[in-house]
Amino acid sequence: MPLKLFFIVLCLLVQSCNSQKKATPEQEQILDAAKANFVFVEGGTFTMGKNGVSIAREHQVTLDSYSISKYETTWKEFDLYFILNGKEIINSQYRGHLQDYGPNYAAKKNTWFLAKAYCQWLGEQLGLPIDLPTEAQWEYAARSRGLDVEHATNSGKIEGGINDNYGLETRVGIYPPNPLGIYDMSGGRPEWTNDWLALYSKEPVVNPRFDSIVSGTVKVIRGFHKLSNSVYIRSSREPEQDGFGGGFRCVCNQKTPIE
């Protein structure tokens, strides 16, 4: 290959690898805020699941420490992924017209693929190992490191006057957080996890992951609106589904707090 042609091809490859737009100072602030909103969750051993609740039988799980976003991913954050990558944002016709498409509302009507792509993209921007949470990470954080509670609220209950709009359309972070300082894991959007649906183990497990099951067909969703046991209820959808109103939050798989 002639040297001149080689450099032309090289430049095209470099441009394609760096095709993402440069963030403005205002957009950088969105990324900085997303980083600051991660809550460190010290690892440990807990009894995951609750006998008698669907297919959530009790079993012992040990997890390494990690961090999880205190809020569900908002439209402001999710849209930034599309804007910087030159893609059309989801349901752009609703921006400025429907309240629950406001910048500080949880992003919804997204597929598992898009949710995972956003979390991994965020990790690339921040230089951190960010992904969707495993089901075990989700429940451990919702239950404030495995507390025996029904809901991910400050008291572990759904209380009139405090949580009486439970399950309705609100901005993220409106209601009191759980004891770890994490919001809306009960009463917010149902949330995608990384895992394919599988039966829980009968034996103790360490850092369980079910994201590589060859026969998997549906992804686990946690945090559906339930008036009892909302931190234990398991549901699932095909990863390409986007019509059930689900949202998501991200985790950072780093064993030390984010600096």
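Note: the structure precedes this text.
Residues numbered from 1 in each chain as written. Predicted model: local features only at pLDDT ≥ 70, side-chain atom pairs only at ≥ 80, totals over all residues. Heavy atoms only, no water.

## Section: helix α4 (residues 112-126)
Then, number 1: In this model, α4 (15 residues) spans 21 Å end to end at C-alpha, consistent with the 21 Å of a helix rising 1.5 Å per residue.
Then, number 2: Against α2 (25-36), β1 (38-41), α3 (75-84), β5 (130-131), β6 (191-196) and β8 (219-222) lie the buried residues of α4.
Then, number 3: Just downstream of α4, G127 is the residue with a positive phi angle, here 70°. (Helix = DSSP H or I, 4+ residues; strand = E, 2+ residues; numbered from the N terminus. Expected span 1.5 Å × (residues − 1). Contact = heavy atoms within 4.5 Å.)

## What to know about the sheet that holds β5
Then, number 1: Pairing is antiparallel in the open sheet, where four strands are placed in the order β1-β4-β10-β5. Both edges of this open sheet fall to β1 and β5, since each of them pairs with a single strand only.
Then, number 2: Two strands pair when backbone bridges link them, and β1 and strand β4 (residues 66-69) are joined in this way by four bridges, in the antiparallel orientation. Each bridged residue has a counterpart across the sheet, and for F40 the counterpart in β4 is S67. (Pairing = 2+ DSSP bridges.)

## As for the state of the cysteines
Then, number 1: Inspection of every chain in the model, using the stated rule, returns one disulfide.
Then, number 2: Bridging C119 to C250, the disulfide has an S-S length of 2.1 Å. Torsion about the S-S bond of the C119 and C250 cystine: about -85°, corresponding to left-handed handedness. Here C119 is found in helix α4, whereas its partner C250 is found in the loop between β9 (234-237) and β10 (251-252), with 131 residues between them in sequence.
Then, number 3: On the accessibility criterion, C119 (0% relative accessible area) is buried.
Then, number 4: Accessibility expressed as a relative area gives 2% for C250, which makes it buried. (Disulfide = S-S within 2.5 Å. Buried < 20%, exposed > 50% of the residue type's maximum accessible area, 1.4 Å probe, protein only.)

## As for empty space enclosed by the protein
Then, number 1: What the rule picks out here adds up to three cavities of 30 Å³ or more.
Then, number 2: Considering only enclosed or pocket space, the largest cavity measures out at about 90 Å³ in volume.
Then, number 3: Surrounding the largest cavity, A152, T153, N163, Y166, G167, Y175, P176, D184, S186, G187 and G188 form its lining.
Then, number 4: Taken together, the residues of the lining of the largest cavity sort by class into four nonpolar, six polar and one charged. (1 Å grid on protein atoms, 1.4 Å probe; cavity = no way out; pocket = protein on both sides within 12 Å on 5 of 7 lines; lining within 4 Å. Points joined across faces, edges and corners; volume = space filled by probe spheres on them. Nonpolar A, V, L, I, M, F, W, Y, C, P; charged D, E, K, R; others polar.)

## Details of the sheet that holds β6
Then, number 1: Across the sheet, which stays open at both edges, the three strands sit in the order β6-β8-β9 with antiparallel pairing between neighbours. Bordering the open sheet on either side are β6 and β9, each of which pairs with just one other strand. Pairs of neighbouring strands in the sheet enclose a mean axial angle of 40°, with direction left out of account.
Then, number 2: With four bridges joining them, β8 and β9 adopt antiparallel strand pairing. In the strand pairing of β9, I221 is matched with S235. (Axes fitted to C-alpha atoms, helices over the stretch in contact; angles between N-to-C directions.)

## Remarks on a nonpolar patch on the surface
Then, number 1: A cluster of nonpolar residues, I55, L197 and L199, forms a patch on the protein surface that exposes about 260 Å² of accessible area.
Then, number 2: Examined against the element boundaries, L197 turns out to sit in the loop between β6 and β7 (205-206).
Then, number 3: Residue classification places L197 among the partly exposed residues on the basis of a relative accessible area of 31%. (Patch = residues over 30% accessible without salt bridge, like charges linked within 9 Å, V, L, I, M, F, W, Y side chains within 5 Å. Areas by Shrake-Rupley, 256 points an atom, 1.4 Å probe, with all protein chains shown as cover. Salt bridge = Lys/Arg side-chain N within 4 Å of Asp/Glu carboxyl O.)

## Thoughts on the pattern of salt bridges
Charged atoms that come close allow side chains of opposite charge to pair.
Then, number 1: In total, this model carries ten salt bridges according to the counting rule given.
Then, number 2: One salt bridge in this structure joins E139 and R143, with 2.7 Å as the shortest N-O distance. R143 shares its class with E139; the two are buried.

## Things to note about the packing of aromatic side chains
Then, number 1: Summed over all chains, the structure comprises 16 aromatic pairs.
Then, number 2: Where W75 meets F78, the ring centres are 6.3 Å apart and the plane angle is 50°; that geometry is what we call tilted. Highlighted residues: W75 and F78, both in helix α3, separated by three residues, approximately one helical turn. A single burial state applies to W75 and to F78, both of which are buried.
Then, number 3: Between Y94 and Y101 the ring centres are 5.0 Å apart and the planes differ by 50°, which places this aromatic pair in the tilted class.
Then, number 4: Residue Y94 is classed as partly exposed on the basis of its relative accessible area of 30%. (Phe/Tyr/Trp six-rings, centres within 6.5 Å; stacked < 30°, edge-to-face > 60°.)

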